[in-house]
Amino acid sequence: RPACAMDWQVLTREISLYLESQVRVGLFGSGVGLSLVLGFGVAYACYYLSSIAKKPQLVASNDRFCRFLEEYCPVVTETYYPTIWCWEGRVQTLLRPFITSRPQVQYRNELIKTADGGQISLDWFDNNDSLYYPDASTRPTVLLLPGLTGTSKESYILHMIHQSETLGYRCVVFNNRGIAGEDLLTPRTYCAANTEDLEAVIHHVHSLHPSAPFMAAGVSMGGMLLLNYLGKTGRDTPLMAAAIFSAGWNVFESVESLEKPLNWLLFNYYLTTCLQSSISRHRQMLEKLFDMDLVMKARTVREFDKQFTSVMFGYRTIDDYYEDASPCRKLKSVGIPVLCLNSVDDVFSPGHAIPVETAKQNANVALVLTSCGGHIGFLEGIWPRQCTYMDRVFKQFVQAMFEHGNKVFSM
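Residues numbered from 1 in each chain as written. Predicted model: local features only at pLDDT ≥ 70, side-chain atom pairs only at ≥ 80, totals over all residues. Heavy atoms only, no water.

*Asks:* Where do I start with the sheet that holds strand E3 (residues 119-125) in this structure?
*Replies:* The strands that make up a sheet are held in pairs by hydrogen bonds between backbone atoms, and each pair lies either parallel or antiparallel. The strand order E1-E9-E8-E7-E6-E4-E5-E3-E2 describes an open sheet built from nine strands, whose pairing is mixed. Both edges of this open sheet fall to strand E1 (57-59) and strand E2 (108-113), since each of them pairs with a single strand only. Strand-to-strand, the axes of this sheet are offset by a mean angle of 20 degrees, without reference to chain direction. In this structure, E2 lies alongside E3, joined through six bridges in antiparallel fashion. (Pairing = 2+ DSSP bridges. Helix = DSSP H or I, 4+ residues; strand = E, 2+ residues; numbered from the N terminus. Axes fitted to C-alpha atoms, helices over the stretch in contact; angles between N-to-C directions.)

*Asks:* Just to check I follow, could you spell out the domain arrangement of the chain for this structure?
*Replies:* Per the domain assignment, the segments of the chain are domain 1 (54-250 + 331-409) and domain 2 (251-325). The centre of domain 1, based on its C-alpha atoms, is set 24 Å off from the matching centre of domain 2. Counting residues at the interface gives 32 residues for domain 1 and 29 residues for domain 2. Roughly 2500 Å² is buried in total at the junction of domain 1 and domain 2, and carbon and sulfur atoms are behind 67% of that figure. Sorting the residues of domain 1 by area buried against domain 2 places Pro-187, Asn-250 and Phe-348 first, and these three jointly supply 25% of that buried surface. Applying the counting criterion to the domain 1 and domain 2 interface returns one salt bridge. Notably, a salt bridge pairs Arg-281 with Asp-183, separated by 3.5 Å at the nearest N-O pair. Along the contact surface separating domain 1 from domain 2 lie 13 residue pairs in polar contact (both at pLDDT 80 or more). When residues of the side of domain 1 that touches domain 2 are traced back to their parent elements, those giving at least two are helix H4 (89-99) and helix H7 (221-233). (Domains from an automatic or database assignment. Contact = heavy atoms within 4.5 Å. Buried area = accessible area lost by both parts, 1.4 Å probe. Salt bridge = Lys/Arg side-chain N within 4 Å of Asp/Glu carboxyl O. Polar contact = N/O pair within 3.5 Å; in protein donor to acceptor, adjacent residues only side chain to side chain.)

*Asks:* Teacher, can you tell me more about the pairing of strand E8 (residues 338-343) here?
*Replies:* Summarising burial for E8: six of the six residues are buried, a large majority. Sheet topology places strand E7 (residues 241-245) next to E8; four bridges connect them, and they run parallel. In the strand pairing of E8, Ala-242 is matched with Val-338. Pairing of E8 with strand E9 (residues 365-370), which is carried by six bridges, proceeds in the parallel orientation. Among the inter-strand pairings, Ser-343 is bridged to a residue of E9, identified as Thr-370. (Buried < 20%, exposed > 50% of the residue type's maximum accessible area, 1.4 Å probe, protein only.)

*Asks:* Hey, could you run me through the UniProt feature "domain: AB hydrolase-1" (unreviewed entry) in the chain in this one?
*Replies:* Those residues carrying the UniProt feature "domain: AB hydrolase-1" (unreviewed entry) are residues 140-381 in this numbering. Between the end C-alpha atoms of residues 140-381 the distance is 30 Å, and the span holds 41% helix and 14% strand. (UniProt positions renumbered as here; feature names shortened; annotations may be inferred.)

*Asks:* Hey, could you run me through empty space enclosed by the protein in this one?
*Replies:* To find leftover empty space, one rolls a probe the size of a water molecule over the atoms. Enumeration over the complete set of coordinates arrives at one cavity of 30 Å³ or more. The volume enclosed by the largest cavity comes to roughly 60 Å³. Lining the largest cavity are Phe-174, Asn-176, Arg-188, Thr-189, Tyr-190, Cys-191, Asn-194, Asp-197, Leu-225 and Phe-313. The class makeup of the residues in the lining of the largest cavity is five nonpolar, three polar and two charged. (1 Å grid on protein atoms, 1.4 Å probe; cavity = no way out; pocket = protein on both sides within 12 Å on 5 of 7 lines; lining within 4 Å. Points joined across faces, edges and corners; volume = space filled by probe spheres on them. Nonpolar A, V, L, I, M, F, W, Y, C, P; charged D, E, K, R; others polar.)

*Asks:* Whenever I open this one, the nonpolar core confuses me. Can you help?
*Replies:* Nonpolar side chains tend to gather and get buried jointly when the protein is soluble and globular. Counting 68 residues, the largest nonpolar core has Leu-143, Leu-226 and Leu-367 as the members making the most contacts within it. With seven residues, H7 is the largest single contributor of residues to this core. For this core, the domains that each give at least three residues are domain 1 (54-250 + 331-409) and domain 2 (251-325). The contacts of Leu-226, once residues within four sequence positions are left out, are Leu-145, Leu-198, Ala-216, Ala-217, Gly-218, Leu-239, Ala-242, Ala-243 and Ile-244. Membership of the second largest hydrophobic core comes to 50 residues, among which are Val-75, Ala-217, Val-219 and Leu-339. (Core = buried A, V, L, I, M, F, W, Y, C linked by side-chain atoms within 4.5 Å.)

*Asks:* I would appreciate a short explanation of the packing of helix H12 (residues 301-312) against helix H13 (residues 318-325) in the present structure.
*Replies:* Each pair of packed helices gets described by two things: the angle between the helix axes and the distance between those axes. Between H12 and H13, the shortest axis-to-axis distance is 9 Å and the interhelical angle comes to 95 degrees. In terms of orientation, H12 and H13 fall into the roughly perpendicular class. Of H13, the residues touching H12 (which contributes Val-301, Arg-302, Asp-305, Lys-306, Thr-309 and Ser-310) are Ile-318, Tyr-321 and Tyr-322. When the residues that make up the contact of H12 with H13 are grouped by side-chain class, the tally is four nonpolar, two polar and three charged. (Parallel < 35°, antiparallel > 145°, perpendicular 65-115°, else oblique.)

*Asks:* Explanation requested: H7 in the structure shown.
*Replies:* Residues spaced three or four apart along an α-helix point in a common direction, a consequence of the helix completing one turn every 3.6 residues. Counted at 1.5 Å a residue, the expected span for H7 with its 13 residues is 18 Å, and the 18 Å between its end C-alpha atoms agrees. Counting buried positions along H7 gives eleven out of 13 residues, so the element sits mostly inside the fold. Met-221, Gly-222, Gly-223, Met-224, Leu-225, Leu-226, Leu-227, Asn-228, Tyr-229, Leu-230 and Gly-231 are the residues of H7 that are buried. Looking one or two residues beyond H7, the residue adopting positive phi is Gly-234, at roughly 60 degrees. (Expected span 1.5 Å × (residues − 1).)

*Asks:* Just checking my understanding: could you explain the pattern of salt bridges for this structure?
*Replies:* Counted by the stated rule, this structure contains 18 salt bridges. Measuring nitrogen to oxygen at the nearest pair gives 3.1 Å for the salt bridge that ties Arg-90 to Glu-88. The partner of Asp-391 in a salt bridge is Arg-96, and the shortest N-O contact between them spans 3.8 Å. Here Arg-96 lies in helix H4 and Asp-391 lies in helix H15 (residues 389-404), a separation of 295 residues in the sequence.

Here it is as structure tokens:
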């Protein structure tokens, strides 16, 4: 029998047994209530299994890369079962920060200087108790890039570190300028298009551990920045591979989606206030170049970028900035194996803007597209407090690359 039919029968039987044990036949004075509840449960289970729970779409032009993923990262070929009571994209996006746990991580902070006189805050998880890699000089290292206003304290970053800890790896989190509590020494922050700070961090980390295998993983804007860096450097990078999660591929499409009324109410306005809050502490430094009163009046991300981000990095117009920041333009030039996870119901990165055809033109790129999951959501299980689908993809892919990476293009 088809797997879906078997799943449907098993779930239906479990629902029936549960309801029979919990609901009396006399509900609402007769057995009608039980029948209605049971019928609704069966109908919902059928809908969930037929329309919600699906295998992700794996897009890759390189058959050997596909076979590598199927063997060493099988989660990308398995059916993704979103949390049955919150599978819709917006709900997953909103709930993840509140539902998921926050593993305890002890960081070692390092401030590094930049060529223009600024400073960048790095948070290290050295994993000196690693049983699999006791030699720190050859311990695999994962560089983690948080989202737009995110830091090393984000739950999704903490979970990535927890997954890496169990595998014996070292992690270092790249906090964008002025975000993690450090002072701005120059009137400059960050953006998705400018890769200078990321290049400095990658060079610094690699110089400290030149014999250690080195990967990177970027989330949301961190993924966009990482993709833009990889598109710029091609094969000329110390990174052996990269994982990208919920990246916004086309910034024009992303901001248009976020400006729809409901999305503006749920996400855009809040994100704009987060951006403003992240720079308000540095107002005295930034007022040297910007009309901060005007910046603080922005009510959308687009308005903030027009008054602040695009001006800071010297773009003639905001459209010039958004074009340069869109990773879809640089995907053809990526020169190392990259796995990109997106959900097609992500309002931050609409499904129609994911560059499927472009990805097929680069043998180094694989896209994993789920039908549900939202933006950095990917919740699964009845009470999704611990591991998410995204966490499992991260863990399996970094382990596959560190332990079997030489087989990617030799299978």
